[in-house]
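Working through the structure, step by step
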Amino acid sequence: ETWKFATEEDKNDVQDIFAKTFAETIKEESGGDIKVRIFYYGQLGTENDIVELTAKGTLQFVSVGTGHLGSYIPEVQALSLPYVLGTDVDVVRKILTGSKTIYSQLSDRFEKANLKLLTMISEGEMAWGANKAIRTPEDFSGQKIRTFTSTIPVETYKAFGATPTPLSWGEVYGALQLKTVDGMVNPVYFIYNAKWHEVQDYLMFPGQQPYVGTVSTNSKWFNALSEEKQAMVHKAITVAEQAAHDYQLEINRENMAKIQTERPDLEVVILNDDERSRFKDLSAALHETFYNVVENAYAESEKSDARENAKGILESLIQEVKDAS
Amino acid sequence: MDMFFDFLKDIIDGELDIYVITFTLLFTMIILLFLSFPMVVPLAAGALIGLVHFSDIDTGVMIQQMVTGISPNALIAVPMFILAADIMARGHTAHNLLGLVEAFVGHLRGGLPITACISCTLFGSVSGSTQATVVSVGQIMRPKLLQAGYKDSFVMALIINASDIAFLIPPSIGLILYGTLANTSVAELFIAGIGPGIVLAILFSIYCYGYSRLQGDRITLVPQKSRTERIAAFKKALLPLGFPILIVGGIYSGAVTPTEAASFSVLYALIVECLIYRELKLKDILDAALGTGLITAVVFILVGMGQAFSWYISFEQIPQGLLAPLELEGASKEYILFIIALSFFIGCMFVDSLVVLVILTPIFVPIVAASGLDPVLVGVMITLQMAIGSATPPFGCDIFTAIAIFNKPYMDVIRGTPPFIIILAIMSALLIFVPEIALILRDLAFT
Amino acid sequence: MKKILLWLSNGSELIEKFVITFSILLIMLNSTANAIGRYAFDKSLFFSEELNQFLIVGVTFVGFAYAVRKGRNIRMTALYDTFGYTAKKTILTMISIITGAILIYLAYKSVFYVIEIKDINRLSPAMQFPVYIIYSIIPLGLGIAGLQYLITFLMNITHKEIYLSHEVIEFRSENIGV
Ligand code: NA
Ligand code: NA
């Protein structure tokens, strides 16, 4: 039999390495009986499309960032809030693979969309790109920052003092080059692959959050699998998570080195604790935004429960991060 | 013979072999195409047969993918450029641009068709679509050319092919879309389109001159314009000429994205035609918007259905399978560029060029990246093929546009195209072996 | 009965025209406003792209129905043009029933797609707006287009003329410029 696994990223990006390792492991474990066919960025449509196709059962596995999943499972955007997960590699990994909050409270919400959450992966710290050093919210003033257009990132950069600007992916390079926008936000390996380092003079590391990818399967389909096959999937997920983790660290390091060789004049700014704490304080206001976003997704009668639930998820998540640090 | 029956049996059984699938889908689609089904039907049939007969996938995915196909933000440029061009064609802009060119070269041997070529180049700098160019330049130039004694087959072929120039000169819908799909700077693509656009205009003009010589005394020459007439024509063309400056300036100063520039071109056209020339009334604008929406829908339903079809062939990984024997990995750059050009040329002969772009670009992007080919050069080449395809039988949107506005049967419209297609093939070869035609301006501007 | 159908048809045409014209002009205003806002006032309309996408969905599916009504779909008529009356009549009759059936089928499938989107509660990222409301226009557009073809089929089997659409007879089709 053939299982289908779609990711939102290109060949040799972190999610693709995850999918490849998953496919190899499944092939080995099943003695070659089960093949996993991988689809990468755009082959089967948009991020929304592959999530819907997995929820429907046309595809069996899907990996997308928390931002895109938020259109279906608004609670997952707790992980998109700045300064919730932080950027300590070990803490982030511990939470993303083993958090009680994520794998009991949050994964319940996945079932509603007929999805089953298998694991989450960090793809590295989100760095800010710009043409000036940004250390304070005042530095952000008047800066047009290209973000994903969903509410949480838009409100995040508004809160930080910038002008969040929507722009489709293909237009970003040209827009940065011609200064239609001033900056963008992405993990380092991604910035290098998109060549955006060619058109930015500064890279900032604010310790804000990692880019989080989520791996899910079709819930109904998974539950109907034999126990043996379910165990096989879980094993392959564990192996793939390890591979993606190693790869993420390596490719981010490697691409950072390449950026510095190709652009020796590009300045890297690592915000210190004082500077970070100002942004962290500003981001507290976004928790309210998150509750509103979740509430908005529910019918009138469920709104207050949904809000409480979202609050519970976020608060225990923050507690878990604190305990792990 | 046995092999043939095995093949038929495979088809009937719905056996999964990419060659069987490809053959069945292509065969069905070509039959439906030649039976003159609305273009959306062959694409829908291809997707339906694949999904239901060969794969057993819920056909609901077609609806989802139709929406995905029409969702890229860059597509907004299509209706906006069409609307801008329509407004300009209804008003004075196109007339004034043509008047300028005619005042300077109209009197030469072959002067009128050369005027058409140069006008397409100029009009191209205010319009992003070949169709709009066919309409505006065609409607003004065709009566003059016929009156001067040129054959209608030559005139119509000239107009639908010269519109290709407008597609290469920025702004261009093809370049914007390619840039978006291939994640390549549209600003660089725009600059790179200028060189090939001008070379093409020169090649066409040479042909026009030769054709006019051969026809000899059948063609009456237009008297040379006086200096005062020329100055008057220039003054009249000033406002329309300000247009490309504004658009290109807006993009290169970073004020607007190329997609937004399309909307600004509508705004500019409205200001010039309604406030300054005071030629157009509210009713004209509403009519133009309705006409634009109609064309947009007719094309976009194909883009959407094309995406549904392309989803299916991606799902079965058919393009990768078909391209594998061509051994593109590790091949020479010229060979890869040739294969890309050929694929787009053949694709655009049958399917709307925007649909071909959406289907084929993602397949070639990784190959281009691995080969070290300049993605900007590839974009210009692809856009040239799309432009050629728009005028190449059997299927070409410019041919249909010409049929619609000149009210002529299909065969009459395409009769004169072969010489032009030969010139366009030469242009494609030039681009492969002398890529500097496209890249030199880009390198000057961006390094 | 015929009167009611005619009345419905005219009413539907009026709405189609309005949706198309209004959407195209709104796309223009929306895009220019976003650029001006960003460039001159440092304020982007964060919902601008999403609104354009919604409008394009409207233009495409409603415009498609309108194009079918006007007999304006793109066809490759090289071979068709060489045929005589009987062949043309047969082909167009066949085209209208097959195309109508496919479009009605797609309209039917799109109803389920819209319901799926509603059940899964998909919200647009920027405006947090339920997407299914916008997408409801898809079954409408495809359905009206399909019906147009089915009526054309009926006209073709009950009349002598060759109908391209139920209001456009071959050779008498009006030409709308680009
Ligand atoms: Na152009
Ligand atoms: Na053309």
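Here the structure is a predicted model, which means the values were calculated and not measured.

**Thoughts on unusual backbone geometry**
The phi angle of most residues is negative, glycine excepted, and most peptide bonds adopt the trans form. Of note in this structure, K179 of chain A is not a glycine but carries a positive phi near 65 degrees. You can see K179 of chain A is positioned in the loop between α7 (172–177) and β7 (183–187). Positive phi values are uncommon outside glycine, yet S36 of chain B reaches one of about 70 degrees. Positionally, S36 of chain B belongs in the loop between α2 (18–34) and α3 (40–55). For S36 of chain B, a relative accessible area of 0% puts it in the buried group.

**What about the interface of chain C and chain A?**
In this complex, chain C contributes 17 residues to the contact, which on the side of chain A involves 24 residues. Both sides of the chain C and chain A interface together cover about 1900 Å² of buried area, and 50% of this is carbon and sulfur. Between chain C and chain A we count two salt bridges in total. Of the charged contacts, one joins K56 of chain A and E116 of chain C as a salt bridge, the two residues approaching to 3.7 Å between their closest N and O atoms. Linking chain C to chain A there are six residue pairs in polar contact (both at pLDDT 80 or more). Among the elements that take part in the side of chain C that touches chain A, helix α3 (residues 85–119) of chain C stands out by supplying three residues, more than any other.

**As for the pairing of strand β5 (residues 144–147) of chain A**
Two faces belong to every sheet, and in a regular strand the side chains alternate between them. Residue and element names in this part refer to chain A. Here β5 shows a buried face lined by K144 and R146 and a second buried face lined by I145 and T147. Two elements, β5 and strand β6 (residues 163–166), share four bridges in a ladder whose sense is parallel. Bridge pairing in β6 links I145 to P164. At this point the chain moves from β5, through helix α6 (residues 151–159), to the parallel β6, and the crossover so formed is right-handed.

**Quick word on the pairing of strand β8 (residues 202–205) of chain A**
Residue and element names in this part refer to chain A. Neither face of β8 is left uncovered, since the one carrying Y202 and M204 and the one carrying L203 and F205 both have all their residues buried. Bridge count between strand β4 (residues 115–130) and β8: three bridges; the pairing is antiparallel. Bridging across to β8, A130 finds its partner in Y202. With four bridges connecting them, β8 and strand β10 (residues 267–270) associate as parallel partners. Looking across to β10, one finds that F205 is bridged to I270.

Cut-offs used in this document
- Residues numbered from 1 in each chain as written.
- Chains lettered and ligands numbered in written order.
- Predicted model: local features only at pLDDT ≥ 70, side-chain atom pairs only at ≥ 80, totals over all residues.
- Heavy atoms only, no water.
- Helix = DSSP H or I, 4+ residues; strand = E, 2+ residues; numbered from the N terminus.
- Buried < 20%, exposed > 50% of the residue type's maximum accessible area, 1.4 Å probe, protein only.
- Contact = heavy atoms within 4.5 Å.
- Buried area = accessible area lost by both parts, 1.4 Å probe.
- Salt bridge = Lys/Arg side-chain N within 4 Å of Asp/Glu carboxyl O.
- Polar contact = N/O pair within 3.5 Å; in protein donor to acceptor, adjacent residues only side chain to side chain.
- Pairing = 2+ DSSP bridges.
- Right-handed = clockwise from strand over helix to strand, strands pointing away.

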